[in-house]
Each structure stands twice: as C-alpha cells, then as structure tokens.
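# Structure assessment
Each chain is listed here by its residues.
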Amino acid sequence: MLLLPLLSLSALWGFVLNLTVGDGRILLRANTLYETIGATSMDLGLQLQAERSESVVAATTRSFPKKLGEQRARTDASVETFLRSTAQAADAIDTEIRHTLDELTGELARLSSIRADLDSGQSTRLSGVSEFNRVLDTLFRLYDHLVSVPDLALYQQAAALQAMGNAREYIAREQALIAGAAVDGRLTPAEATAFTEYVASRRFLHSRGLAGLDVGFRQPFEQVMSSEPYLSFAAAEARVVQTGRPPGDLDAWATSVSRLSERLDRLGAVSTQELARRAGEAATGIVIKIAFAGGLGLVAVIASILISVRFGRRLAAELGGLQTAAADLAEARLPRVVQLLREGVEVDVKAEARPLKVSGSAEITDVAGAFGSVQRTAVQAAVGQAALREGVGQVFLNLARRKQGLLHRQLALLDTMQRRTHDPDRLEELFRLDHLTTRMRRHAEGLIILSGAQPGRVWRRPVPVIDVVRAAIAEVEDYGRVDVAELPGAALDGASAADLTHLVAELVENATIYSPPDTHVQVRGDLVSNGFVIEVEDRGLGLSPAEYSAVNARLADPPEFDLADSDRLGLFVVARLAQRHELQVLLRSSPYGGTTAIVLIPRKLVTEQQALEPPPDLELPTRTSKKPLAVVAEAPSGLPRRRRQTNLPPQPGKPPEPPPTTAERSPDEVRDLFSAFQRGTQRARNEADNEGDDS
C-alpha cells in the first residue's frame, strides 16, 4: 500500500535530479568545447583573415613576398592545432557539431588548392576572397553550434555576441577587398557588388546583435559605434557603395578600419570574459541545484522511506490484530454459536456478539466496528434461523403427534374389527388397511424424528432382532418382495428398538423403490465383534462412486434439515437416527449391480439370547394372505393358507363349485384355526401395548 507513494516520490526525485544533472553535463560539455575547439578556432579565424588580406594583395600585384609565406605557415600551424583539439573533444562532440566539423575539415583541406589557384593566377582577386569567405563561413557556423548553455538568458547574450563577431568578419572582408583594389585604384563591377553585399550584411548583423544584447553588453558597443573611428569608417563605406570606387583617402580608410577593428576585438574579448563570468555564476547555481535536488532530495526520500516503514509496520500490526480478531470471529465464535443453536441451546445475542477488541488508528477501529455490526447481524440472523427451524420443528411435532394419536386409535379400532370378523375377504381387507395404517405411523414418526423429539414407542426389555426386522418390513409397501435370511439369536435394547425398526424400514423401502418390481430385496444379519450388522441388498441400478461418497458423508455427519431438499427425506431420518444411537450406516455398490446398505449396531445396544422356537402348531403371524413378513426357518406345522369363499355356504342362484382336489377341513377345524390365530395376534398386540405404556 505504501510502495506506490514511495516509488512516485523516488521517480520524481530522479526526474528532478536528472534535469539538474543534465544542466551540469551541458555546462561541462560547453566548457570542454570552449577550452578545446573554441580557443583554437578563434585563433584559426584570425589567421585565415590575415592570410586572406595578404593573398588578395599578392594576387593583385602578382608578387608573393616572404610575408605571405610566413602567414601561410602560421595558418597551417593553427589548422594543425585545431584538428588536434577536435580529437581531444571527441567525447563532448554531438551529431550536429560533428557534421559541421566534417564540413570545416573539408574546407580547410581546400586551402592548398585555393593558394595554388591564387599563385598561378587562375583565381581573380574576388574569387580568392570568396574562397576564403567560404572557409570562414563554415567556421562561423561551428561557432553557432558551440553556443550551448542551459540558461536561456545566457544563450541569448551568447547568440547576440556571436552576431557581433560575424559583423566584425564582414568588416575584415571589406578591408581585404579594398586592400586589393588600392593597388590598381579601381573596383570591378563584381567587386563593387560584393562590397555592397558586405556592407548590408554587416549593418544587419550589427542591428540584430545590438537588439539581442542586454544593457551591460550593449552600452560598450553603442559607445564604439558612436566613436570617431566607426563614424569615419561608416562614411567611407557609404561613399564606396555610392561611387563604386575605392576610397579617395586610402590612408584614412586604413587608419579608421585599423582603429575600429582594434576596439571591436578588445571589446569582443571583454564581452567574452563577462559572458564567461555569467556562465560561471550559472554553473554555480546549477551545482547548488544539483546539491539541493540530489542531497536534500535524497534525504527526503530516505526520511520518507523510514517514516513509511515505521508507519507500515504499525499499520501491519494493527491489521494483523484485526485479521486475528476477524479470523477468530469467522472460525471460532460464529461456528460455536451456530453449533449451540443446532444443539438447541438458547443463545444470548449481546453476550455472543461482543465487539472486536482492537487498537490503532481511527480507520482500524472503524473497520473493527463494521465487523462488530456484521457479527451482531450474523448472530441475530442465526438466532432467527434457529427460532424458525425450531418453530417448523414444533409444527412438525404437533402435526405428527396428532396424527400419531389418530393412527394409534385407528389401529386399535382395526384390531377390534379384526377380532369380530370371521369373513375371510373382509378380514383380508382389514389386514391391508392395518398395513397402510402402520406405514402412515412410520411417516408420522419420521416427522417427529426430524423435529428432534423421540417417537414415544419404547420397551423396557430387549426386543429380538427378528421382531425388529419383521416390524420394519411390515411398514414397507412392497413387503412381498423382501426376503429375510436366517438371523442369529440376538436382541436389541428396548429403548432403541423403535428407532432401529424405523431405520431398517427406511432402508428396505428405499431398496424396494429403487429396484425393478420383479426383483427381490435381501435382508441379512449377523453378530460381529463390534455389535450386530444388518445388510439390505437390492438389484437396482445403483449409484456412481461420487454419489455413494456424498450419501455416505451425509449419513456420517447429518447436515441441517433443508425444507427445500425433501426428495431424500428418508436419508435425513436415517442419518438422524444413526447419529442418535451412534450407528454406522454405509451404502456401497452391490456385486449384483444394485446397492447394499450396511447398518452396524454398536455392542452396547445388542444382547445375545437363545433363538426363539416357534410353537409346534402355530405359524408366524402375518397381516396378509400374500406371504409371511419374515421367514427365518420352516415350522414343523402351521396354519393352512386361507382360500377365498372356501367355507362359505352355497349362494342361492349359483351352481355349487366343484370340490377342490385337496381334502377340505371341516367348519369346526377352520373355526378353531382362526380362533387360535386371533388369540395369538391379540396376545402380541397386548404385549406391545403393555411395553409402550411402561415406557
């Protein structure tokens, strides 16, 4: 968070430092160029001007005195010195200066050919002057490129002084041309035109230079231009332009030009020194800027970094404390509140929604306060949801209790009707109605279980496993498809028998629903080291491995009951019952292609007992004429199967049916058998009612 401002500050410091250091580099470069190329080029210009004047006179007289040779030697020496200085300043020369230097080097290389043409007479007096002028023009263009200072005011003064120096060059050109014309006393028309051009250029450069100079530089030049030598020179210059002939008084001309040139050269030197002094002051200012921007800026950056690091550490510590408090809220306090609400414990919102204890800046405390508001809202929402779930559970419980009471009364009424009925058809219909009522009672108990209450049916004494399995199968609609293998002699805790019956019934019904109607469901059971195992296996399509994992996870850790997910209501009931009695329920793929549900009943709920032997003259009771609910062994004898309208008297108007092939029982035998069956059923129901009352 603090890195971006630091980077911005460092970038700004670097930018300012680069600007100031860049100005320093420009000054160093300008100083290097002045000490090397600048100094040597000024001497080169003076030597070229002197050789030009001597060469014009020699070209006119056609005599080449020793004085001209000595001047040429001085010029060649100055050229050699200049070329060496350019090599020394190679690092300070940029592209533009390099290009101008290359042009000047090429022009200097032409000096020998210019001299040869003058010596041989191939060049006229004017052409010789023009050739030297061409070399000097290139030299003055180099002067223009050497004027590079970072201060704008200094640059303007340097440019103006450069213009005054160029004007001084045009005075030298006029002097050279008049010096040659003084020999023969005339100016050719071309020379007169060239002289006029020199005068116009000199006047223009003087005007431009004076306009660009400040008061300190302009006053000395104005004094020179108002002096007698300049006025005499200007008057003679004007007469030459008007007449096209050399001045009448050549001595006066030479004197005025000499005096004026001397004063201008002296003034140029003084102005250059003043400009150098000002440049030095500017350099000192730039050095101060560099020290200020570099030193103080660096100090400011370092101080900012130290302050930012300290502030960042404090802010990190405060944020760390806030993060710890928020993590404790999200990972410990709120889950604990939710768990208490799931367990039915009443939660105090004020006590559980305590404000987060953090210290620090106002922003941190504001964020902590916002987290506290979120915490209170979350706790209030959780309490509200718990109250809503409790209310829904109470609605389920009330409806289920009312329905359960009505179903118990209906079962009692059906028992009474079954005892009073001797008609086999009516008795079978009553058995079917009894079966439907039992299934309805299981659904009512499912609502009670989902609401978190006990169904209410408990026994004091252990209940045999066979009775639990048979009672579970009796609560399944398609019980005729259920096959029960022989079960060992074991009994289950009476307090949990009703819940175990309900759990097995849900698994068996699930197996019958999700398997083809022409297949059978196998129910097996056996004693194991950890308790008792009941397996329910179907021949359905089964589930995918991912679905088995999801269902088993839900059975192992039952989630909150979701009203929107009512398609698997039986799984919620099974998971709740398994959690209540510490049962282990597992679904896995069957080798036959279906699903096998395994229920492990813990050892503390199982008691071993001897296998119950059925009476020698009584088959296990059933509630329908389809098949027994659970057959664990063949009885030595039992009740015969009922056949519809077997013992009814013949109906009037109908021919008597042919006698069955098997031997018929007498009416007394049939009556005795039904009486024995009713007595056994009544005895079983009385025992069940007594056990329920004891609970």
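Our subject in this report is the structure included herewith. All figures in this text were calculated on a predicted structure; none of them were measured in a lab.

### Some points on helix α2 (residues 66-88)
The end-to-end C-alpha distance of α2 is 34 Å, a good match for the 33 Å that 23 residues give at a rise of 1.5 Å each. By the burial criterion, the buried members of α2 are L68, Q71, R72, T75, S78, V79, F82, S85 and T86.

### Overview of the pairing of strand β7 (residues 595-602)
For β7, the tally of buried residues reaches 8 of 8 residues, placing the bulk of the element in the interior. By the alternation rule, side chains of β7 split into T595, A597, V599 and I601 and T596, I598, L600 and P602, which are all buried. Note: strand β5 (residues 531-537) against β7, 7 bridges, orientation antiparallel. Looking across to β7, one finds that I534 is bridged to V599. Sheet topology places strand β6 (residues 584-589) next to β7; 6 bridges connect them, and they run antiparallel. Residue V585 lies in a different strand from β7, and its bridge partner there is V599.

### Considerations on the side chain of T501
On the secondary structure map, T501 appears in helix α15 (residues 494-513). Residue contacts for T501: discarding those within four places in its chain leaves V468, A471, A472 and E475.

### Thoughts on unusual backbone geometry
In this model, E582 sits at a positive phi of 60 degrees, which is unusual for a non-glycine residue. With respect to the helices and strands, E582 occurs in the loop between α17 (569-581) and β6.

### Details of the environment of R470
Its place among the elements puts R470 in helix α14 (residues 465-474). Among the residues examined, R470 registers a relative accessible area of 13% and is labelled buried. In sequence terms R470 and V484 are 14 residues apart; their C-alpha atoms lie 8.8 Å from each other.

### Section: the sheet that holds strand β3 (residues 490-492)
Strand order in the open sheet formed by 3 strands is β1-β3-β8, and the pairing between neighbours is antiparallel. In this open sheet, the two strands that pair with only one neighbour each are β1 (463-464) and β8 (606-608). The pairing of β3 with β8 spans 3 bridges and is classified as antiparallel. Its bridge partner lying in β8, L492 is registered against V606.

### Comments concerning the environment of P559
Of note, P559 is situated in the loop between α16 (545-556) and α17. As a C-alpha pair, P559 and F572 span 13 residues in sequence and 8.3 Å in three-dimensional space.

### Structural notes on the pattern of salt bridges
Counted under the stated rule, the structure contains 26 salt bridges. In this structure, E107 engages R134 in a salt bridge whose closest nitrogen and oxygen atoms are separated by 3.2 Å. One end of the pair, E107, is in helix α3 (residues 95-109); the other, R134, is in helix α5 (residues 125-146), and 27 residues separate them in sequence. For E107, a relative accessible area of 10% gives the class buried. In this structure, D184 engages R125 in a salt bridge whose closest nitrogen and oxygen atoms are separated by 3.4 Å. Taken as a pair, D184 in helix α6 (residues 152-184) and R125 in helix α5 lie far apart in primary sequence, 59 residues in all. Where salt bridges share partners, they join E51, R72, D76, R115 and D119 into one cluster.

### Observations concerning the pairing of β5
In terms of residue burial, β5 counts as a mostly covered element, since 6 of its 7 residues are buried. Examined bridge by bridge, strand β4 (residues 521-528) and β5 share 7 bridges and lie antiparallel to one another. Looking at the pairing, L527 lines up with F532 of β5. What sits between β4 and β5 in their antiparallel hairpin is a turn of 2 residues.

### Observations regarding the nonpolar core
Core analysis: the largest hydrophobic core is formed by 44 residues, its most contacted members being L503, V523, V536, L555 and I601. Looking at which element gives the most residues to this core, the answer is α15, with 8 residues. With residues up to four places along the chain from it excluded, the contact list for V523 reads V469, V482, D483, V484, A485, V508, I534, E535 and V536. L154, L187, A236 and L264 belong to the second-largest nonpolar core, a separate cluster that totals 37 residues.

### Some words on the packing of α6 against helix α8 (residues 215-225)
Between α6 and α8, the shortest axis-to-axis distance is 12 Å and the interhelical angle comes to 15 degrees. On the basis of their axis angle, the class for α6 and α8 is roughly parallel. By crossing handedness, the relation of α6 to α8 is classed as left-handed. When α6 is examined against α8, the residues Q157, L161 and M164 are found in contact with a partner set consisting of F217, F221 and M225. Taken together, the residues that form the contact of α6 with α8 break down as 5 nonpolar, 1 polar and no charged.

### Remarks on the sheet that holds β7
What the 5 strands build is an open sheet, ordered β2-β4-β5-β7-β6; its pairing is mixed. Both outer strands of the open sheet, β2 (482-484) and β6, are each paired with one neighbouring strand and no more. Direction aside, the axes of adjacent strands within the sheet are offset by 20 degrees on average.

About the cut-offs
Residues numbered from 1 in each chain as written. Predicted model: local features only at pLDDT ≥ 70, side-chain atom pairs only at ≥ 80, totals over all residues. Heavy atoms only, no water. Helix = DSSP H or I, 4+ residues; strand = E, 2+ residues; numbered from the N terminus. Expected span 1.5 Å × (residues − 1). Buried < 20%, exposed > 50% of the residue type's maximum accessible area, 1.4 Å probe, protein only. Pairing = 2+ DSSP bridges. Contact = heavy atoms within 4.5 Å. Salt bridge = Lys/Arg side-chain N within 4 Å of Asp/Glu carboxyl O. Core = buried A, V, L, I, M, F, W, Y, C linked by side-chain atoms within 4.5 Å. Axes fitted to C-alpha atoms, helices over the stretch in contact; angles between N-to-C directions. Parallel < 35°, antiparallel > 145°, perpendicular 65-115°, else oblique. Left-handed = near helix turned anticlockwise from the far one by under 90°. Nonpolar A, V, L, I, M, F, W, Y, C, P; charged D, E, K, R; others polar.

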